[in-house]
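# Working through the structure, step by step
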Amino acid sequence: MTALIALVVRDLRLAVRVGGGAFVGVLFFLAVVVVMPFAIGPDLNLLRRIGPAILWVGALLASLLALDRLFAQDQEDGTLDLLLTARTPLELVAAAKGLAHWIATGLPLVLAAPVLSLLLNLEPLAIGAVVLTLLVGTPALTFIGLVGAALAVTLRRGGLLVAVLILPLSIPILIFGISASNAAVTGGLPFGAPFTILCALSLGSLVLGPIAAGAAIRAGLD
């Protein structure tokens, strides 16, 4: 546990030093939310209806920004070879790196969502639902992204491959996250059913993501 905590702290420090973690993700998130009303028009009722979808799409795209560097930087400086020879299982190492990545990039998106929701004319109940679904769903985006980052770690132009691999796998999370948020906005559908499925998807990704990432790294570096 001490080694895993040290790895999480190290990755958080690197994210702060490089400056590509929270600031860039939130800035991109802001850009998506600000640009969409210009494309749609000044219809406040329409913005209120599609606001959760805009926030979720923005969070999905923002979470992809730093995924290509999740293992690539360790590969370049030799840290990944040391992690492979360490006693700590590679699956736990991948889980620790995923946790650090979510704290550095996913959690700031969740914290920024209430402020950005005001730009889309969302009501307080809808804002709470969007924040809750993002809090539950963004870890799933991160741990699914672990798999793409692990597959791309030994390939050139791996960032493009990460986006191609992760976007199709993220569609179920996007669907149920938006469905749960829309249920709070419109009130026509129950909130509990899609939110429960979203929780299940997040829990499944927390378990399967590090396992698949560890296997992909071993296969790629053999």
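For the structure itself, look to the data block above.
Conventions we followed
- Residues numbered from 1 in each chain as written.
- Predicted model: local features only at pLDDT ≥ 70, side-chain atom pairs only at ≥ 80, totals over all residues.
- Heavy atoms only, no water.
- Axes fitted to C-alpha atoms, helices over the stretch in contact; angles between N-to-C directions.
- Helix = DSSP H or I, 4+ residues; strand = E, 2+ residues; numbered from the N terminus.
- Parallel < 35°, antiparallel > 145°, perpendicular 65-115°, else oblique.
- Left-handed = near helix turned anticlockwise from the far one by under 90°.
- Contact = heavy atoms within 4.5 Å.
- Nonpolar A, V, L, I, M, F, W, Y, C, P; charged D, E, K, R; others polar.
- Buried < 20%, exposed > 50% of the residue type's maximum accessible area, 1.4 Å probe, protein only.
- Polar contact = N/O pair within 3.5 Å; in protein donor to acceptor, adjacent residues only side chain to side chain.
- Core = buried A, V, L, I, M, F, W, Y, C linked by side-chain atoms within 4.5 Å.

It is the contact of helix 3 (residues 44–63) with helix 6 (residues 90–118), at a shortest axis distance of 11 Å, that shows an interaxial angle of 155 degrees. By the angle between their directions, the pair helix 3 and helix 6 is classed as roughly antiparallel. As for how helix 3 packs across helix 6, the hand of that crossing is right-handed. Facing helix 3, whose interface residues are Leu55, Ala59, Ala62 and Ser63, helix 6 presents His101, Leu109, Leu116 and Ser117. A per-class count over the contact of helix 3 with helix 6 returns 5 nonpolar, 3 polar and no charged.

Mapped onto the elements, Ser117 comes out in helix 6. Overall, the relative accessible area of 0% leaves Ser117 in the buried class. A distance of 2.6 Å separates the side chain of Ser117 from the backbone oxygen of Ala113, its partner in a polar contact. Sequence-distant contacts of Ser117, defined by excluding residues within four places in its chain, comprise Leu55, Leu122 and Ile127.

A few words on unusual backbone geometry. Located in the positive-phi region is Asn121, a residue other than glycine, with phi close to 65 degrees. Tracing the backbone through its elements, the reader meets Asn121 in the loop between helix 6 and helix 7 (124–151). When its relative accessible area of 25% is taken as the criterion, Asn121 is described as partly exposed.

Moving on, we get to the nonpolar core. In this structure, Phe29, Leu55, Trp56 and Phe71 are the most contacted members of the largest nonpolar core, which totals 56 residues. If you list the elements that add at least two residues to this core, you get helix 1 (2–18), helix 2 (22–40), helix 3, helix 5 (79–85), helix 6, helix 7, helix 8 (158–186) and helix 9 (192–221). At 13 residues, helix 7 tops the list of elements feeding residues into this core. Residues in contact with Phe29, not counting those within four places in the same chain, are Leu55, Gly58, Ala59, Ala62, Leu109, Ala113 and Leu116.

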